[in-house]
Amino acid sequence: MSRSLALFAIGLTFGSGIGFVVAAGNGITFTGHDHGDPAQHGGAEHHAHSQPLMITPGSTAPKIAIDVHKDPMSGWNLQVTTENFLFSPEHVSTADRPGEGHAHVYINGSKLTRLYGNWLHLGDLPKGRVEITVGLNANSHSPLMIGTDPIADSVIIDNP
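Residues numbered from 1 in each chain as written. Predicted model: local features only at pLDDT ≥ 70, side-chain atom pairs only at ≥ 80, totals over all residues. Heavy atoms only, no water.

Asks: So what's going on with the sheet that holds strand 3 (residues 76-83)? Residues and values would help.
Replies: The sheet built from three strands is open, its strands ordered 2-3-7 with antiparallel pairing. Each of the sheet's edge strands pairs with one partner strand only, and the pair in question is strand 2 (63-70) and strand 7 (119-122). Taking each pair of neighbouring strands and ignoring which way they run, the sheet shows an average axis angle of 20°. (Pairing = 2+ DSSP bridges. Helix = DSSP H or I, 4+ residues; strand = E, 2+ residues; numbered from the N terminus. Axes fitted to C-alpha atoms, helices over the stretch in contact; angles between N-to-C directions.)

Asks: Help me get a handle on the sheet that holds strand 1 (residues 53-54), residues and values and all.
Replies: If you trace the three strands from one edge of the open sheet to the other, you get 1-9-10, paired in mixed fashion. Of all the strands in the sheet, the pair left with one neighbour each is strand 1 and strand 10 (149-150). Pairing geometry for strand 9 (residues 144-146) and strand 10, over two bridges, is antiparallel. In the strand pairing of strand 10, M145 is matched with P150.

Asks: Could you give me a rundown of the pattern of salt bridges, with the residues and numbers involved?
Replies: Inspection of every chain in the model, using the stated rule, returns one salt bridge. Between R97 and E100 there is a salt bridge whose closest N-O contact spans 4.0 Å. With relative accessibility at 43%, the residue R97 sits in the partly exposed group. Judged by relative accessible area, which is 10%, E100 ranks as buried. (Salt bridge = Lys/Arg side-chain N within 4 Å of Asp/Glu carboxyl O. Buried < 20%, exposed > 50% of the residue type's maximum accessible area, 1.4 Å probe, protein only.)

Asks: Tell me about the side chain of S88, residues and numbers included.
Replies: In this structure, S88 sits in the loop between strand 4 (86-87) and strand 5 (100-107). When its relative accessible area of 1% is taken as the criterion, S88 is described as buried. Separated by 3.1 Å, the side chains of S88 and N139 make a polar contact. Residues in contact with S88, not counting those within four places in the same chain, are E100, G101 and N139. (Polar contact = N/O pair within 3.5 Å; in protein donor to acceptor, adjacent residues only side chain to side chain. Contact = heavy atoms within 4.5 Å.)

Asks: Can you tell me about the pairing of strand 3, naming the residues and giving the values?
Replies: Direction of pairing for strand 2 relative to strand 3: antiparallel, over a ladder of eight bridges. Opposite K63, over in strand 3, you have E83 as the bridge partner. Joining the antiparallel neighbours strand 2 and strand 3 is a turn of five residues, in which G75 adopts a positive phi near 70°.

Asks: Now, about the nonpolar core: what can you tell me, with residues and values included?
Replies: Core analysis: the biggest nonpolar cluster contains 22 residues, and L78, V80, I132 and V134 have the highest contact counts within it. Where this core is concerned, the elements lending two or more residues are strand 2, strand 3, strand 5 and strand 8 (128-137). A per-element tally of this core places strand 8 first, with four residues. Once you skip the residues sitting within four places of it in the chain, V80 turns out to touch I64, A65, I66, F87, L115, N118 and V134. (Core = buried A, V, L, I, M, F, W, Y, C linked by side-chain atoms within 4.5 Å.)

Shown next, in the form of structure tokens:
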């Protein structure tokens, strides 16, 4: 039994390696795809990322404010304050629930990461003028909007 498992493991190891060598020798490359290209996504994920979730304006509409503090050791600390919104990482990529979700953090217009709480350390920012934007998103990743305006806040810092 152990000999069979050993031969199986050896076969998998060398078989996989030979496959990659043959592919490389024939000019075949293994590449991923561009997550920013909607054409390369289908189904619910593409739909969720492209369709904003409209919120009715009023006293219960989510609000966001951000502040950035220079970290004494390195980088910056992003502080996010929300109203009528609950960070719910346990429900990410599931059905939307009113008043909950996560945030997306953008540096100079490019998405950096998802945010599941009120603080984030930003360690390696570009030098000079940097725009930091945080937008609220539903569990399905749809941006929360009031009319044509995303529920987001931005701040510009001068990073030495």
